[in-house]
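So the chains spell out like this:
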Amino acid sequence: MSEKNIQNNTSLKTVEWKNNKVVMIDQTKLPNRLVFVEYDDYVQVADAIKTLVVRGAPAIGVSGAFGLALAVLQSDAITKEELISDLEKAKEVLFETRPTAVNLGWGLKKIMDVAVTGDSIEKIRELVISKAKKMADDDIEINKTMGKIGSVLFDDNDTIM
């Protein structure tokens, strides 16, 4: 875990993929401290979702996708079928953390949909990690677009509650 001064950061990512690990802001520490946690096991990501380390529908969906990306790296499968089976098990573990979180189910489904298209273990790994990273990047762009569109609704010094 590492800490950074929250006031010196202008482009924070709630959840990201770095060096085949999931790095996320521990939202249970906010607003007093900015703490980053790093996970290399999908069960750790599941626990982070369950214990509210990560919050917010889009971030939960991306976390689930990254959890499956970790699962694809953790698997010792030697056949495509074994790898898909391992991913299905990981998907269930991740889904059970917040079964009513729509974005979590969406993120897990997106990853599984792409995983089954791979024709080899290496291709499945590549597809899963690539798709999870793209989902995270797309989420950032969507949020920036919403911010730009919404910014015209407010004037300087407006109070928003």
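Residues numbered from 1 in each chain as written. Predicted model: local features only at pLDDT ≥ 70, side-chain atom pairs only at ≥ 80, totals over all residues. Heavy atoms only, no water.

1. What about the overall build of the chain?
(1) Moving on: Counting its regular elements, the chain contains five helices and four strands.
(2) Moving on: Element order for the chain, N to C, with α for helix and β for strand: β-β-β-β-α-α-α-α-α.
(3) Moving on: In terms of overall size, the chain behaves like a compact globule, its C-alpha atoms giving a radius of gyration of 17 Å where 161 residues would be expected to give roughly 15 Å.
(4) Moving on: Overall size of the chain, expressed as C-alpha extent along the three principal axes, is 60 × 30 × 30 Å.
(5) Moving on: Restricting to contacts in the chain with at least 6 residues of sequence separation, those with at least 24 account for 62%.
(6) Moving on: Counting every atom, the chain has about 9,700 Å² of accessible surface; 51% of that belongs to carbon and sulfur. (Helix = DSSP H or I, 4+ residues; strand = E, 2+ residues; numbered from the N terminus. Rg over C-alpha atoms; globule rule 2.2 N^0.38 Å. Contact = heavy atoms within 4.5 Å. Areas by Shrake-Rupley, 256 points an atom, 1.4 Å probe, with all protein chains shown as cover.)

2. Quick notes on a nonpolar patch on the surface
(1) Moving on: Side chains of Val152, Leu153, Phe154 and Ile160 sit close together on the surface and give an oily, nonpolar patch of about 470 Å² of accessible area.
(2) Moving on: Inspection of the secondary structure puts Ile160 in the segment after helix 5 (121-151).
(3) Moving on: Overall, Ile160 belongs to the exposed group, its relative accessible area being 59%. (Patch = residues over 30% accessible without salt bridge, like charges linked within 9 Å, V, L, I, M, F, W, Y side chains within 5 Å. Salt bridge = Lys/Arg side-chain N within 4 Å of Asp/Glu carboxyl O. Buried < 20%, exposed > 50% of the residue type's maximum accessible area, 1.4 Å probe, protein only.)

3. What to know about the nonpolar core
(1) Moving on: Core analysis: the biggest nonpolar cluster contains 42 residues, and Met24 and Leu87 have the highest contact counts within it.
(2) Moving on: Residues within four places of Met24 in sequence aside, it is in contact with Thr14, Val15, Val35, Phe36, Val37, Tyr39, Ala48, Val53, Val54 and Ser63. (Core = buried A, V, L, I, M, F, W, Y, C linked by side-chain atoms within 4.5 Å.)

4. Re the pairing of strand 2 (residues 15-18)
(1) Moving on: Alignment of strand 2 against strand 3 (residues 21-25), held across four bridges, turns out to be antiparallel. Each residue of the ladder has a partner; that of Val15, found in strand 3, is Met24.
(2) Moving on: Joining the antiparallel neighbours strand 2 and strand 3 is a turn of two residues, in which Asn19 adopts a positive phi near 50°. (Pairing = 2+ DSSP bridges.)

5. Quick word on helix 4 (residues 102-115)
Turn by turn, an α-helix covers 3.6 residues, leaving residues three or four places apart pointing in a common direction.
(1) Moving on: Look at helix 4: 20 Å from first C-alpha to last across 14 residues, which is about the 20 Å you get at 1.5 Å a residue.
(2) Moving on: Buried within helix 4 are the following residues: Leu104, Gly107, Leu108, Ile111, Met112, Val114 and Ala115. Burial along helix 4 is one-sided: seen end-on, the buried residues are contained in an arc of 165°. Exposed residues pointing more than 90 degrees away from the buried face of helix 4 are listed as Val102 and Lys109.
(3) Moving on: Residues of helix 4 that are buried make contact with helix 1 (42-50), helix 2 (57-74), helix 3 (80-95) and helix 5. (Expected span 1.5 Å × (residues − 1). Arc of directions from axis to C-beta.)

6. Structural notes on the packing of helix 4 against helix 5
(1) Moving on: Interaxial distance between helix 4 and helix 5 falls to 9 Å at its minimum, and their mutual angle equals 145°. Relative to helix 5, the crossing made by helix 4 is right-handed. Taking contact as the criterion, the partners of Trp106, Gly107, Lys110, Ile111, Val114 and Ala115 in helix 4 are, on helix 5, Ile124, Leu127, Val128, Lys131, Ala132 and Met135. (Axes fitted to C-alpha atoms, helices over the stretch in contact; angles between N-to-C directions. Left-handed = near helix turned anticlockwise from the far one by under 90°.)

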